[in-house]
Every structure is written in structure tokens, then in C-alpha cells.
Amino acid sequence: GRRWTEIGSLDAELADRTVLIRGAAQAIRPVSKKMVFLVVRHSVSTVQCVLVVNKECVSPQMVKFATGLSKESIVDVEGVVSIPKEPIKGTTQQVEVQVRKLFCVNRAVQNLPINIEDAARSEMEFEKAEQTGEQLVRVGQDTRLNYRVLDVRTPANQATFRIQCHVEDMFRRFLLSEGFVGIHTPKLVPGSSEGGAAVFKLDYKGQPACLAQSPQLYKQMAICGGFGRVFEVGSVFRAEDSFTHRHLCEFVGLDVEMEIKEHYFEVCDIVDRLFVAMFDYLNENCKKELDAINKQYPFEPLKYLRKTLRLTFLEGVQMLKEAGIEVDPFGDLNTEAEKKLGQLVREKYDTEFYILYRYPLAVRPFYTMPCYDDLAYSNSFDVFIRGEEIISGAQRIHLPELLTKRAEACGIDVKTISTYIDSFRYGAPPHGGFGVGLERVVMLFCALNNIRKTSLFPRDPQRLVP
Ligand code: 4AD
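Calculation notes
- Residues numbered from 1 in each chain as written.
- Predicted model: local features only at pLDDT ≥ 70, side-chain atom pairs only at ≥ 80, totals over all residues.
- Heavy atoms only, no water.
- UniProt positions renumbered as here; feature names shortened; annotations may be inferred.
- Helix = DSSP H or I, 4+ residues; strand = E, 2+ residues; numbered from the N terminus.
- Buried < 20%, exposed > 50% of the residue type's maximum accessible area, 1.4 Å probe, protein only.
- Contact = heavy atoms within 4.5 Å.
- Areas by Shrake-Rupley, 256 points an atom, 1.4 Å probe, with all protein chains shown as cover.
- Phe/Tyr/Trp six-rings, centres within 6.5 Å; stacked < 30°, edge-to-face > 60°.
- Lys NZ or Arg CZ within 6 Å of the ring centre and 35° of its normal.
- Core = buried A, V, L, I, M, F, W, Y, C linked by side-chain atoms within 4.5 Å.
- Near = heavy atom within 4 Å.
- Polar contact = N/O pair within 3.5 Å; in protein donor to acceptor, adjacent residues only side chain to side chain.

Looking at an unreviewed UniProt entry, the chain carries the name aspartate--tRNA ligase, with the source organism given as Phoenix dactylifera. Among the UniProt annotations of the chain, the heading Sequence similarities (unreviewed entry) holds the following wording: "Belongs to the class-II aminoacyl-tRNA synthetase family. Type 2 subfamily." Here is the UniProt Catalytic activity (unreviewed entry) comment for the chain, exactly as written: "tRNA(Asp) + L-aspartate + ATP = L-aspartyl-tRNA(Asp) + AMP + diphosphate".

Turning our eyes to something else, we now look at the overall build of the chain. Counting its regular elements, the chain contains 14 helices and 16 strands. The principal-axis extents of the C-alpha atoms in the chain amount to approximately 90 × 55 × 40 Å. By residue count, 50% of the 466 residues in the chain fall in the buried class. For the chain, the share of sequence-separated contacts (at least 6 apart) that also reach a separation of at least 24 residues comes to 69%. Put simply, the chain shows about 23000 Å² of open surface, and 53% of that area lies on carbon and sulfur atoms.

Attention shifts here to the packing of aromatic side chains. This structure, assessed with the given rule, holds 14 aromatic pairs. Ring centres of Phe279 and Tyr304 lie 5.1 Å apart, and the angle between their planes is 65 degrees; on these two criteria the pair is classed as edge-to-face. With a gap of 25 residues between them, Phe279 in helix α8 (residues 265-285) and Tyr304 in the loop between α9 (287-296) and β12 (309-312) connect regions that are remote in the sequence. Assigned by exposure class, Phe279 and Tyr304 land together as buried. Through successive ring pairs, a cluster of aromatic residues spans Phe275, Phe279, Tyr304, Phe353 and Phe445. Geometry around Phe126 places Arg138 over its ring, the cationic atom sitting 4.3 Å from the centre.

Formed by 53 residues in total, the largest nonpolar core has its most connected members in Phe275, Phe381 and Phe434. Ranked by residue count, the leading element in this core is α8, at 10 residues. If you look at the next biggest cluster of nonpolar residues, it comprises 26 residues, including Ile7, Val19, Val81 and Val95.

Moving on, we come to the site of the ligand. Residues in contact with the ligand amount to 23 residues; listed here are only the nearest, Gln216, Lys219, Glu389, Ile390 and Arg396. Ser214 has a polar side-chain atom sitting 3.4 Å from a nitrogen atom of the ligand. At 3.2 Å, a backbone N or O of Ile391 approaches an oxygen atom of the ligand. Within the complex, 91% of the 610 Å² of free accessible area of the ligand lies under protein. Those elements giving two or more residues to the shell around the ligand turn out to be α7 (216-224), β11 (250-259), β15 (388-395) and β16 (431-437).

Given below as C-alpha cells:
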């Protein structure tokens, strides 16, 4: 077949060579009846293609055809790479293509519901436009999500999902290098694992069932099954009632469960090293992607320490108290208190990534191990980026009698989880683990303001389509 060149690899070394490229006609800029510019895009790369009437190969009909193309139509362009006299504004590639042949592979509709260039504008552009009186179109979140296949074509969105892929990849690679085994647990399950009514109920061939709220009980059973250390990357379902910037009804859970030899801080150590390695990797290897996001949604790089800061829940309560905010030392922190504590920690310790541990037992799920020295508290922790939770974790109860007692105390019908509790009767090591929300990690690392931006096709309480 013919030789194709990726738009992203068009550079000065290809000058004077004939190339064949395919992409979307992002912009069509007629200059006259004899000349038209096409900006052709493939994934995150764009190149300017120039059609000028000449004797050999470009007819006035061809210029007319190019001018009449609809935006986002897929085109094949054959042409000669040239180096422009002046640097090109607004394309990623610094060379042009002098078009010899142009073929439309698939025409897009004439009136797109979203204009990609509008969807890619930053708040700053709007502010500037207000001053100059220029009329720019804002694309609202709902419109974006309704036409997600168009919306995700913007550079910031393309970058977001590339970063998401790297987060997932680093999670796997780090854990594999630490001797963890990747597993898959069922998503069709008989009941809730995290408590509450936030489950999607369904009919499983006549039996009541639901979609898994987390792999919690099964990843623990894998530890009972002798795997030592496990992880899972999988979909997690929560029938959330709250319509917020950080809750989805379906998200990707990054889960870890591992044996503990002496202290549940062994689990925190994994969190610590995993995330420092991940943030380092993103900063070093995803510069282009971070830049693309920064252009549309400016943000400061995440501040994090080489050794992740650990504070007890009560230290957090104390810091809040000193700042004039009273919180219940036996209750949970609400979103505002978490956010405020994030600010205080940043001011005092110069980090935006930290672990808060030893939570009150009353606010943690039934499977959480109480503190040996104070039954009002638990061997558990949450992890925060920029004052928002990305992880919750804990040591789990591996003693079947205590587990039964705690389940009953939390109002759980023990019969419904008898096979889980029985798993701890056959010899089960002390263990702990944590769960990470993938979309939250990407959202908060890049300081995006809405979790819908980091879910390709978000499911929220009001959205099942597309
Ligand atoms: O805090 P959660 O509910 O904890 C668990 O599921 C435990 N089984 C984890 C463990 O191993 N102890 O959820 C874990 C993480 C949260 O920290 C958050 O990042 C994310 O999952 N998360 C959500 N992300 C998006 N939308 C939602 N509705 C989320 N609920 C939790």
C-alpha cells in the first residue's frame, strides 16, 4: 500500500518530500478563489495545508472543493512538505504541506453542534474578548457531554485521557514490581460492601443482586486465598444521590489489598511510594499533555514531598480548631473542612498531598480494624490531593468473631455475607489495603474543577447517555 505519515511526525527533516496524511479538517480558511488554507488535525497534532492553483495539479475546482468542505470532515492529503517563511500560529507542526491531491474520506455535517476551536478556548481568552468586544462562543458542560465525541477532540481533553492512561499504567507497573498480582472480581454481586443504599439493584435470574460498590470483600477474600498482595483496576458502581463536582455513578477503582506483617503503615508506605513515583513520572514524561491542559485550564503543579506527610485525624481536628473551625473529633470531616485542612496543611508543611490516619471508628465501614489502644478510633486513613479525598484505606478485621460483631453493630444482616466472614475461619493473615478513584486522581493532579472532565463518558445521577 501507500506510505502514510502521521501528522505528529511532520517536521523540517521531511522538507521537499511528498507525504500522504489523513486527518480532520479542523479549519478551512479561503483566501481567494485560487487559494485556501486547511488546518488538518490528527489526535493532538495539527498541520497547515495550503492549496494554491497551479498548472500541474491544483485546479480552481479543487480549491472550490476544499473551500466547500465541512469542518471535521476526514480528508486525505497528498502534498510536499515545506518550511514556511514565518512561524505558523495555531498549529502544532511547524511545517506546511503544499497540497497536490485532496480526497474527502467522510464528510461531516455542515453545522456541527460543537465547534472544536470554541470548545478549546480558555477562560482567559473570554476575558480578553470581553475587553475587545469580540464575540466568542462558550460551550457549556451539558452540551459538551451531549456531544462528547466532538468535545474530546480538544487538545486539553486529548491530553487528559492520555494522562489518565499513564496513571493507570503506573499503578499497575509499580505494584507488579512490588510483587502484587492483578486480579478481577465480580461486578454482579449479592449485596452492598460499603454500606448504605447507594447500590444499583438488579435482578440476577430471579435473585436480588446489585452492581459492585467496590471489590472490597472479594479482594480481601483473595488475600484469604493466599495471593499475599493483590490489585485490581475495574469499574465501580455507586447509586449516588448527590449531584456534585466529584461524584460519579460509575468510576474506575484502583484497588489494593495486601498482607500486613507488623503495622498498617506498611499499606501507607505503598501509597507513599506509588504516588510519589506516579507524580514524578507524570511531571517528567507527560509535559506535552500537562501543557495542553494548562493552556485551557491553567493550574499550578502539584506540591508533594519526597516522603508523604502523615497526620493523625486528631492532629487535623486540632489544626482546624486553631483556625476557628470546630469539628466533631468522633465524626467525619465534611467537604469544606477537608478543603480547609488542605489549605492549612499546605501553608504549614508546603505539600498538597498527604495522608490523614486514625479515623474515628464510627465513620468507617464495618470491616475496618479498630485501634488496639482506643476502640473509638480505627487503623484507617484517607489520602488527599489539594484538600480533596482520592483514597480511603485501612487495616481490615481478619478475626471472624470480631468481624461478625462489627457487621452486626453496623446493622448488616450477617447471613448475607456469611461466605465472606467464613473466609476468615480457614486461616487468614492480617491485611489491609486501599481504594483509589482514578478520575479523582487525574482531576485533582491537574486541578480540574469537575470529575466529568476526567471520565470519557461520565455516568452521573442525571446522565446515562451517551
Ligand atoms: O472511599 P471509598 O468508598 O472506599 C472504598 O470503596 C473502600 N472499599 C476502599 C478501601 O480499600 N478501603 O472509595 C474509594 C475511593 C475514594 O477515595 C474516591 O477517590 C473514589 O473511590 N470514589 C469516587 N469517585 C468518583 N465518584 C464516586 N461516587 C466515588 N466514590 C468514591
